[in-house]
Amino acid sequence: MTSWAPQQSALQEILQTIHESTDTRNAAVQRTITHKLNNFTRAPDYVAYLAYILASMPQEEDRIRTIAGYLLKNNARLILRASPDVMNFVKSAVLVAFNDPSIMIRNAAAQDIVAFLGILEPRNWPECLQQLVHLLDAPNLDQQEAAFNVLEKACEDYPRKLDVEINGTWPLEYMIPKFIVLSEHPSSKMRAHAIACLSYFVPIGCQALFAHIDTFIACLFKRASDEDPAVRRHVCQALVLLLASRPEKLMPEMGNVAEYMLYSTKDKHENVALEACEFWLTFAEDPDLAPYLHPLLAKVAPVLLDCMVYSEDDLLWLQGDDEDAAVPDKETDIKPRHYGGKSHGFEREANGDDASSKRVGAYGEELDEGDEDDDYDDLDDDDFADDMSTEWNLRKCAAAALDVLAVRFGADLLNVLLEPLKTKLWSEDWLQRESGILALGAMAEGCIDAIEPHLPLLIPYLINTLNDPKPLVRSITCWTLGRYASWCTQPISEDHKNQFFVPTLEGLLRMVLDNNKRVQEAGCSAFATLEEDAGPELAPYLEPVLRNLVFAFDKYQHKNMLILYDAVGTLADAVGSALQNPTYVEILMPPLLKRWSKLKDDDDDLIPLLECLASVTIAIGPAFLPYAGPIFDRCHSIVHTSLLQYQAYQQNPEMDEPDRSFLVVALDLLSGLTQGLGMALEPHITRTQPSLLQLLTVCLKHPHAAVRQSGYALVGDMAMNCFPLLRPHVPAVMQELIAQLDPEPKVEFISACNNAAWAVGEIALRFGRDDPEFQQWVTPLIQRLVPILLHPKAPRSLHENAAVSIGRIGLMHPALVAPLLPEFAQAWCQALYEIRDNEEKDSAFRGLCTLVQTNPAGIMKSLLWFCNAIVRWNQPSPELNNMFQQLLTGFKQHDAVGWAAQVATFPPVIQERLATRYGV
């Protein structure tokens, strides 16, 4: 072992905290624990203590050691700043724990190894990789499987990090043939691991795998009829990945592969069928493969059509037959909304492996990739049921594949499916009918030209099917009508309008008021699509449309109410100023205000209602102002009452702590009104008692992070939209802003700190160049913002907001900020070079350029980073581009030889862009 050893007092403190963390009943205790655990992460050897508890304390319960193991995994990145002694201890300890007699300890250690191997990279921990590969030949099958399990996770998570040279050899040159041999292992788990590991190297074009590609493909064919469904699933997955990255290897065998995949798409194990179905989706998505897929269309399309029938499992989850409109939603039906208000962040340019990619299922549902961060949270049964009803499954995959095939082959696909579709649409079995209607909707985009001649028959069929007794049939029919909404809404002729547009409009409005909640949801969503497609064409029907939507306000339960707000907002966006007709305003506003007055001060629905009102405000324009009063007054009253309640609680801690969420919502609603109405709010703001700005200043000191976060957002929005009203109160606000700018905020205060950093920049811009009043705050602000920018532990979002505000303050007060340029220039450029181009970034960079003009020597040490940040812009504004040009030309003219020598050391891509864009 290494020379690190635990100190008993520290070890006992961490152990004690882990023991206390097992008492999950007491929320207050849990908060203290979380706080303590967060504080421990500041200790440079915290990870070593966790590894010690996991590996070297057999006297402790397995559960305690396992929690230490999970904490170790969640804090694995801390190893990067650990001393060599600590790092070596942790590495040895997790390998020791991986051989522990207890399965719980081994599993925790396995996850730690996966995490550390990824963070440290295999080339910096070759002995771990060696040990794992060595264990594949262990005499004990459990050890073999455990090692292979870790290797599979590593191959899946970071295959590129394994495809490297280590000490003169390429481990994969040994591992790949080893995996191929193990695909014949007597244990099905080992066979499944082997095929899975091999498949993960396909997408990265791994040479060690492609050297054995024919053997690998032969091994897949050999395992294709394996009795274990997990092995067959991985075979299908490998073939999908090969098709995506090396299709030429499969083409000579495509006849056999296609037969096998068709057979597997009908496998009785749905996860095998799903993986096989992905093959057709991948095949269809690659336009270059169309000639190979076209001859298979007649076999593939009917199989996909059959995969779209609800399975028995689906029906169990959907419970779709009830007239349940009057049944209140369970709170678990509604995805939780978190009231932290908005946090000011930036979009980054997509950057290699780190760009977060969401998997989008058929028709846009986002699918969360398996996230292992919740390892020891129990999965709640209700959550599980909810996931089951929305997860990516065979039905959705087949529908997505059909959608892409339709785009690829249009009429040819319809010709293949016309007869089977007719059979399904006119079937006696409602499940067959339902799947036919889903298929019709899936094909809408690609086959529209071929289907169009049939639509005069199909649209009336669909409108008639809205009367089907089965809710699942009515709901899918809504969706499919939504997919053909653009055809129905075409202003072709009066006849077309009367035959198709008006009946579709009426039919969907009827579904909006259906007695089944699932149908209401589908009807309301499809109607919103119709609104978008119809746009101003809806104007003549606004009165009946509004009356129906308004009626739904009294009928809907909680979940669908949120979709109804969206439909009303979309309607406002679609018809625009047509909504200004006083008749329509009188139909729409009273029920919205009635909803507004019905909602309690702490009701979650205030936020979606505000979003809806924001669209309505824009459409109604000046006509909204008469209604702004009660909304503004109520928000003010909520803020005032909440602060009084909280004050009373602070004076008497025996009371129950008041719920802060309604205070947060009220501040966010005020932000929305500020953005929507700007200076028109002046009479409302000036007559408030106590003054809104005084209350806002109190909110900025509130002990709860979410309240401060929304408070600082409102400050920033007021600076942008009604600065004259904010200006007299800036001295009081600025005192809190400066205090909030903390280089190492507690985790829960990060967003508040972000918003404060952003608001500071907005205020600086509004005061203007060299404003004498603002000058008093420049130094204290810069003294807080620069340490945030330079702090290695500050979150990236905070670095970005701090950099933008330093730039903006620099733009307005260059003489005061420029002397500090050498201190922060490199970190500033590093913080902002990946941010997407936008106005905030532009003003920040104009500020930096102004600082460089004022103090050219200040950028010299950071010239590479400055030039990199310049060339990473896609479209700087003409003003900014001109500043870049002047500065770069100035550097070159000042010392041409020195400039050339320095630029020669830059990466070629930077040299090339500097030369092309700026001639330097």
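About the cut-offs
- Residues numbered from 1 in each chain as written.
- Predicted model: local features only at pLDDT ≥ 70, side-chain atom pairs only at ≥ 80, totals over all residues.
- Heavy atoms only, no water.
- Helix = DSSP H or I, 4+ residues; strand = E, 2+ residues; numbered from the N terminus.
- Buried < 20%, exposed > 50% of the residue type's maximum accessible area, 1.4 Å probe, protein only.
- Contact = heavy atoms within 4.5 Å.
- Lys, Arg positive; Asp, Glu negative; His and termini not counted.
- Charge placed at Lys NZ, Arg CZ, Asp CG, Glu CD.
- Expected span 1.5 Å × (residues − 1).
- Core = buried A, V, L, I, M, F, W, Y, C linked by side-chain atoms within 4.5 Å.
- Polar contact = N/O pair within 3.5 Å; in protein donor to acceptor, adjacent residues only side chain to side chain.
- Axes fitted to C-alpha atoms, helices over the stretch in contact; angles between N-to-C directions.
- Parallel < 35°, antiparallel > 145°, perpendicular 65-115°, else oblique.
- Left-handed = near helix turned anticlockwise from the far one by under 90°.
- Nonpolar A, V, L, I, M, F, W, Y, C, P; charged D, E, K, R; others polar.
- Patch = residues over 30% accessible without salt bridge, like charges linked within 9 Å, V, L, I, M, F, W, Y side chains within 5 Å.
- Areas by Shrake-Rupley, 256 points an atom, 1.4 Å probe, with all protein chains shown as cover.
- Salt bridge = Lys/Arg side-chain N within 4 Å of Asp/Glu carboxyl O.
- Phe/Tyr/Trp six-rings, centres within 6.5 Å; stacked < 30°, edge-to-face > 60°.
- Disulfide = S-S within 2.5 Å.
- pLDDT = per-residue confidence, 0-100.

A look at the overall build of the chain
Right, on to step 1. Assigned secondary structure in the chain consists of 51 helices and two strands.
Right, on to step 2. Overall, the chain is about 80 × 80 × 70 Å in size when its C-alpha atoms are taken along their principal axes.
Right, on to step 3. The burial tally for the chain puts 55% of its 920 residues in the buried class.
Right, on to step 4. Sequence-distant contacts, at least 24 apart, represent 76% of the contacts inside the chain between residues at least 6 apart.
Right, on to step 5. A gap of 3 Å separates the mean positions of the 75 positive and 125 negative side-chain charges of the chain.

Details of helix α4 (residues 62–74)
Right, on to step 1. End to end, α4 covers 18 Å across 13 residues, agreeing with the expected 18 Å (1.5 Å per residue, within 8%).
Right, on to step 2. Extensive coverage of α4 is indicated by the burial of ten of its 13 residues.
Right, on to step 3. Along α4, the positions that sit buried rather than exposed are Ile 64, Arg 65, Thr 66, Ile 67, Ala 68, Gly 69, Tyr 70, Leu 71, Leu 72 and Lys 73.

Focus: the nonpolar core
Right, on to step 1. Core analysis: the biggest nonpolar cluster contains 338 residues, and Phe 279, Trp 280, Leu 413, Ile 763, Trp 828 and Phe 866 have the highest contact counts within it.
Right, on to step 2. Those residues in contact with Trp 828 that lie beyond four places of it in its chain are Leu 789, Ala 803, Ile 806, Gly 807, Ala 844, Phe 845 and Leu 848.

Here's the deal with the side chain of Glu 834
Right, on to step 1. Turning to its location among the elements, Glu 834 is positioned in the loop between α46 (821–832) and α47 (839–854).
Right, on to step 2. A distance of 3.1 Å separates a polar atom in the side chain of Glu 834 from a polar atom in the side chain of Arg 796.

Overview of the environment of Gly 810
Right, on to step 1. Note on placement: Gly 810 falls in helix α44 (residues 796–812).
Right, on to step 2. Distance from Gly 810 to Cys 849, taken between C-alpha atoms, is 9.1 Å for residues 39 residues apart in sequence.
Right, on to step 3. In this structure, Gly 810 is in contact with Val 817, Gly 847, Thr 850 and Leu 851, ignoring residues within four places of it in sequence.

Details of the packing of helix α8 (residues 141–157) against helix α10 (residues 171–182)
The axes of two packed helices give the description: the angle between them and the distance between them.
Right, on to step 1. Running from N to C, α8 and α10 cross one another at 125 degrees; their axes reach a closest spacing of 14 Å. Relative to α10, the element α8 is oriented oblique. Two packed elements cross with a definite hand, and for α8 against α10 that hand is left-handed. Contacts from Phe 148, Leu 151 and Cys 155 in α8 reach Met 175, Phe 179 and Leu 182 in α10.
Right, on to step 2. Here the residues of the contact of α8 with α10 sort into six nonpolar, no polar and no charged.

Structural notes on a negative patch on the surface
Right, on to step 1. On the surface, a cluster of negative charge is made up of Glu 532, Asp 533, Asp 566, Asp 573 and Glu 611.
Right, on to step 2. Looking at the negative patch, the elements with two or more residues in it are α30 (517–534) and α32 (558–575).
Right, on to step 3. Along the polypeptide, Asp 533 turns up in helix α30.

What about helix α17 (residues 270–285)?
Right, on to step 1. When the terminal C-alpha atoms of α17 are compared, their 22 Å separation across 16 residues agrees well with the 22 Å that a helix rising 1.5 Å per residue should span.
Right, on to step 2. Where burial is concerned, most of α17 is hidden: 13 out of the 16 residues are buried.

Some points on the packing of helix α31 (residues 542–555) against helix α33 (residues 582–598)
Right, on to step 1. α33 packs onto α31 with a crossing angle of 10 degrees between their chain directions and a minimal axis gap of 9 Å. With respect to each other, α31 and α33 are oriented roughly parallel. Mapping the contact onto sequence places Leu 542, Glu 543, Leu 546, Arg 547, Val 550, Phe 553 and Asp 554 in α31 and Thr 583, Tyr 584, Ile 587, Leu 588, Pro 591, Leu 592, Lys 594, Arg 595 and Lys 598 in α33.
Right, on to step 2. Along the lines of polarity and charge, the residues of the contact of α31 with α33 split into nine nonpolar, one polar and six charged.

Here's the deal with the packing of aromatic side chains
Right, on to step 1. One pass over the full model with this rule turns up 23 aromatic pairs.
Right, on to step 2. When the ring of Phe 553 is compared with that of Tyr 565, the centres are 6.0 Å apart and the planes differ by 45 degrees; the resulting orientation is tilted. Here Tyr 565 lies in helix α32 and Phe 553 lies in helix α31, a separation of twelve residues in the sequence.
Right, on to step 3. Looking at Phe 553, the relative accessible area reads 4%, which means it is buried.

Focus on the pattern of salt bridges
Right, on to step 1. In the structure shown here, the tally under the stated rule is 41 salt bridges.
Right, on to step 2. The residue Arg 246 makes a salt bridge to Glu 248 at a minimum N-O spacing of 2.5 Å.
Right, on to step 3. One salt bridge connects Arg 769 with Asp 770, and the closest N-O pair in it is separated by 3.5 Å.
Right, on to step 4. For Asp 770, a relative accessible area of 38% gives the class partly exposed.
Right, on to step 5. Overlapping salt bridges, with partners in common, bring together Glu 762, Arg 766, Arg 808, Glu 839, Asp 842, Arg 846 and Glu 879 in one network.

Overview of unusual backbone geometry
Right, on to step 1. Cis peptide bonds are those with omega within 30 degrees of zero, and the linkage from Gln 689 to Pro 690 qualifies with -15 degrees.
Right, on to step 2. Its location among the elements puts Pro 690 in the loop between α37 (682–686) and α38 (692–699).
Right, on to step 3. The phi dihedral of Glu 121 falls on the positive side, at around 75 degrees, and the residue is not glycine.
Right, on to step 4. Relative to the assigned elements, Glu 121 resides in the loop between α6 (103–120) and α7 (126–135).
Right, on to step 5. One non-glycine residue with positive phi stands out, namely Asn 167, at about 50 degrees.
Right, on to step 6. With respect to the helices and strands, the residue Asn 167 is situated in the loop between α9 (159–162) and α10.
Right, on to step 7. The exposed category is assigned to Asn 167, whose relative accessible area is 71%.

Considerations on the state of the cysteines
Right, on to step 1. All chains considered together, the criterion is met by zero disulfides.
Right, on to step 2. Here Cys 488 is not cross-linked by a disulfide; its sulfur's nearest cysteine counterpart is in Cys 478, at 13 Å.

Let's talk about the confidence of the model for the chain
Right, on to step 1. Per-residue confidence for the chain averages 88 on the pLDDT scale, and 93% of its residues sit at or above 70.
Right, on to step 2. With pLDDT under 50 throughout, residues 350–389 is counted as low confidence; its partners more than four residues away or in other chains account for 46 contacts.

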